[in-house]
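# Coordinate analysis (summary)
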Amino acid sequence: MEILVGSNSPVTHKVFWQGQLTDSDSIPVVRLYDITEDPAISPPINPGTILATLTPIKSEVDAGTYVVYIPVSFTTRQRQLRLNWSYAVGSVATEKSHKVYVQTPYTDLSQAIDSLGLGSDFSDPNSKSYFELCSAERYARKLIEAYTQQQFYLYDDVQIAYGSGSDVLPLPYKLAELHELYQNDILLVNTLTNINNWNYSTIISESGFGIRINRADMLDNTVYTANGMVPPPINDNYNGVFSNGSTYRVQGKFGWEEVPDEVDLACIELMKDYFSKDKVWRNKYMKSIKTFDWQFEYNSGTYSGTGNLYADQLLLPYVINKMVVI
């Protein structure tokens, strides 16, 4: 399940025993673990270390239902947590685990409420619950990611890139931090341990969609000759550092440090679609509906992109296969 970054959203656990919701013998004990894989963290995260022991609250209306709130101090960033529930039913000890993804939302929910004109009072028939807003944001986020082929938050990943005989190595996704760079499985650079096994300094390209050589650190033949040194052979017939035909493995932190404004606006627009009454019809690939009094027919673009023209226009600069990546 997901909870949002910076929130203390409830995590619910239901105790099923012999096919029925059943109260446990006593209030369960919940142990919280961090199971995020992040090579940039030193020392590495130990998934067996208990972050906190939490006490859930029993639902007053639903049998066998318990709710725990993860403290905000553990949801300040994108990460993956594991909740281990321990309890007994009929004196039989039981353990269950939940994986919880602390997820960066693409818009602030309070901003979305104002932008969508939703009521803030529960008595307002136009109001939406926190869970409905979270579901709408997730719906919008998944559509945005499917259309743009990007994720607009920071995440650790390994990507394969191919040299083309130039000083720039194009990447399939936006890179925020370079941790390790390999050429044909040979380690060239490890920024985490300050290892550099070649004679070049690398920097991330301005767009983030490439790694390039920092030419400010390179000397041409004139500089070598003026200082009475023999120029290195690589300066003759120079063909670029990233060899044509070589495979490069790039490990680092990919994605975006902040959600772009256009993505934020598109998210709100798609949340509006989530709450619209015709969403059910569009999700059924309905092209035309006609009755005695009225009819409507969807444009073919409804079934491509996000299904929302305004959102697609906002997101177009971020669609990877339609943008200049270097």
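Going by the structure above, here's the rest.
About the criteria used
Residues numbered from 1 in each chain as written. Predicted model: local features only at pLDDT ≥ 70, side-chain atom pairs only at ≥ 80, totals over all residues. Heavy atoms only, no water. Helix = DSSP H or I, 4+ residues; strand = E, 2+ residues; numbered from the N terminus. Expected span 1.5 Å × (residues − 1). Buried < 20%, exposed > 50% of the residue type's maximum accessible area, 1.4 Å probe, protein only. Core = buried A, V, L, I, M, F, W, Y, C linked by side-chain atoms within 4.5 Å. Pairing = 2+ DSSP bridges. Phe/Tyr/Trp six-rings, centres within 6.5 Å; stacked < 30°, edge-to-face > 60°. Polar contact = N/O pair within 3.5 Å; in protein donor to acceptor, adjacent residues only side chain to side chain. Salt bridge = Lys/Arg side-chain N within 4 Å of Asp/Glu carboxyl O.

## Regarding helix α2 (residues 130–148)
Between its first and last C-alpha atoms α2 spans 27 Å; for 19 residues at 1.5 Å apiece the expected length is 27 Å, and the two agree. The set of residues buried in α2 consists of L133, C134, A136, E137, Y139, A140, R141, I144, E145, Y147 and T148. Of the residues flanking the end of α2, it is Q149, one or two places downstream, whose phi is positive at about 60 degrees.

## Points about the nonpolar core
I144, L169, L181, W198, V250 and M271 are the most contacted members of the largest nonpolar core, which totals 45 residues. Core analysis: the next-biggest nonpolar cluster, separate from the first, contains 18 residues, L32, L54, L81 and W85 among them.

## Digging into the sheet that holds strand β2 (residues 10–14)
Judged by pairing direction, the sheet is antiparallel, and its 3 strands sit side by side in the order β2-β8-β7 without closing on themselves. Because the sheet does not close on itself, it has two edges, and the strands there are β2 and β7 (57–58). Sheet analysis places β2 next to strand β8 (residues 65–69), joined by 5 bridges and oriented antiparallel. Considered in β8, the bridge of T12 is made with V67.

## Examining the packing of aromatic side chains
One pass over the full model with this rule turns up 12 aromatic pairs. Ring geometry for F152 versus W256: centroids 5.6 Å apart, planes at 40 degrees, classification tilted. Linking F152 in the loop between α2 and β11 (154–162) with W256 in the loop between β18 (247–255) and α4 (261–275), this pair joins segments that are 104 residues apart in sequence. W256 carries the same exposure label as F152, and that label is buried.

## Examining the side chain of H13
Looking at where H13 falls in the secondary structure, it is placed in strand β2. Using a relative accessible area of 6% as the deciding quantity, one classes H13 as buried. A polar contact of 3.2 Å, which involves the side chain of H13, links it to the side chain of H98.

## Remarks on the pattern of salt bridges
Taken as a whole and assessed by the stated rule, the structure comprises 10 salt bridges. R138 serves as the salt-bridge partner of E2, at 3.6 Å between the closest nitrogen and oxygen. Taken together, the residues span a long stretch of sequence, with E2 in strand β1 (residues 2–4) and R138 in helix α2 at a distance of 136 residues. With a relative accessible area of 41%, R138 lands in the partly exposed category.

## Quick word on the pairing of strand β13 (residues 175–183)
Within β13, 7 of the 9 residues are buried, which leaves the element mostly enclosed by the surrounding structure. With 7 bridges connecting them, β13 and β18 associate as antiparallel partners. Within the sheet, the bridge partner assigned to L181 lies in β18 and is V250. Pairing of β13 with strand β14 (residues 186–190), which is carried by 4 bridges, proceeds in the antiparallel orientation.

## Details of unusual backbone geometry
Although it is not a glycine, Q18 adopts a positive phi angle of roughly 55 degrees. Within the secondary structure, Q18 sits in the loop between β3 (16–17) and β4 (20–21). A relative accessible area of 75% places Q18 in the exposed class. With a phi close to 70 degrees, S91 is a non-glycine residue in the positive phi region. Among the structural elements, S91 can be located in the loop between β9 (79–89) and β10 (92–103).

## Here we look at the environment of N199
Along the chain, N199 turns up in the loop between β15 (195–196) and β16 (202–204). Look at N199 and you get exposed, because its relative accessible area is 77%. Expressed as a C-alpha distance, the spacing of N199 and L188, which sit 11 residues apart in the sequence, is 9.5 Å.

These values are about where atoms sit, not about what they do.
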